[in-house]
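# Per-entry structural report
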Amino acid sequence: EKLKKEDKLPEGFKVGIGNEIYLVDKEVKEMMDNNIKVKFNHFLLLAKNQKGFEFLKKQSSQAWTNSRMFRGMERVPTYKNELEELMKDYKGDIIASTACVGGELPQLLLELNEAVEEKLDETQIRRKIDRFIKNMINIFGKDDFYLELQPSYQNDQLIANKWLRKISKAYGLKCIVTTDAHYLNKEQAEFHKQYLTAQEGEREVESFYST
């Protein structure tokens, strides 16, 4: 409301409340117990209404009960079976999307792209992709599950974008275009870089966050 009063929110835009989660299979818990390397896949949840916001609070609280230190970092995973159970009362109140290239589906599509280029057997990868998509449609409904594309100069994201458009046509799913926004304007890019490198040492920042 404050943004609207100050005329800073452009006409036609809405502020949404959401959560970027680590969405993983329940087997990941056992893998962490045995110190086996794990991918913590990104996934996006957005509330459509007040009931959806209620879901986000419950989901976040549930995820924090799973919180633990793993290989020097605090991880807050959401297990797919827990998400599916919780969503039973909130279908139609939540929008879900596949997230950036750090999401499970984009990662599978990168594997598929490599298999195609190397002329390797694609069967198992395609089965994993099909299983993931059908599972998400079952949990959220076809109208509320979106494939997320992002503008990027990163080759992996561009490859994922290409395959996501194909997946969209094959499964009749809608695409959304998002930006991975970490600062307000270009002048703040250097401050953002210094902040991340101070925390995590040498890492590529400028090209990764350039869009």
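Structure's up top.
The following refers to the structure shown. Only a predicted model underlies this, so the values are computations on that prediction, with no experimental measurement involved. (Residues numbered from 1 in each chain as written. Predicted model: local features only at pLDDT ≥ 70, side-chain atom pairs only at ≥ 80, totals over all residues. Heavy atoms only, no water.)

So, about helix α7 (residues 155-171). In an α-helix, one turn spans 3.6 residues, which is why side chains three or four residues apart end up on the same side. Given a rise of 1.5 Å per residue, 17 residues ought to cover 24 Å, and the 24 Å separating the end C-alpha atoms of α7 matches this to within 8%. Regarding α7, the residues found buried are Gln 157, Ile 159, Ala 160, Asn 161, Trp 163, Leu 164, Ile 167 and Ser 168. In this fold, the buried residues of α7 make contact with α5 (104-118), α6 (123-140), β7 (145-149) and β8 (174-177). Once α7 finishes, Gly 172 follows within two positions and takes phi at roughly 65°, a positive value. (Helix = DSSP H or I, 4+ residues; strand = E, 2+ residues; numbered from the N terminus. Expected span 1.5 Å × (residues − 1). Buried < 20%, exposed > 50% of the residue type's maximum accessible area, 1.4 Å probe, protein only. Contact = heavy atoms within 4.5 Å.)

Within the secondary structure, His 192 is located in helix α8 (residues 189-200). Every residue in contact with His 192, bar those within four places of it in the chain, is listed here: His 182, Tyr 183, Val 205 and Tyr 209.

Overall, the coordinates contain four aromatic pairs when judged by the stated rule. Aromatic side chains Phe 55 and Tyr 90 sit 5.5 Å apart centroid to centroid with 55° between the ring planes, which places their arrangement in the tilted category. In this pair, Phe 55 is assigned in helix α3 (residues 50-65) and Tyr 90 in the loop between α4 (80-87) and β6 (94-97), connecting sequence segments 35 residues apart. Just as Phe 55 is buried, Tyr 90 falls in that class too. Taken together, Tyr 22, Phe 40 and Phe 70 form an aromatic cluster joined through their ring pairs. The ring of Tyr 90 is capped by Lys 51, whose NZ or CZ atom sits 5.6 Å from the centre of that ring. (Phe/Tyr/Trp six-rings, centres within 6.5 Å; stacked < 30°, edge-to-face > 60°. Lys NZ or Arg CZ within 6 Å of the ring centre and 35° of its normal.)

What follows deals with the nonpolar core. Counting residues in hydrophobic clusters, the biggest one holds 34 residues, and the most contacted among them are Phe 43, Leu 45, Ile 129, Ile 133, Phe 140 and Phe 145. The residues contacting Leu 45, other than those within four sequence positions of it, are Ile 17, Gly 18, Asn 19, Ile 21, Phe 55, Leu 56, Gln 59, Leu 83, Ile 94, Ile 95, Ala 96 and Phe 140. (Core = buried A, V, L, I, M, F, W, Y, C linked by side-chain atoms within 4.5 Å.)

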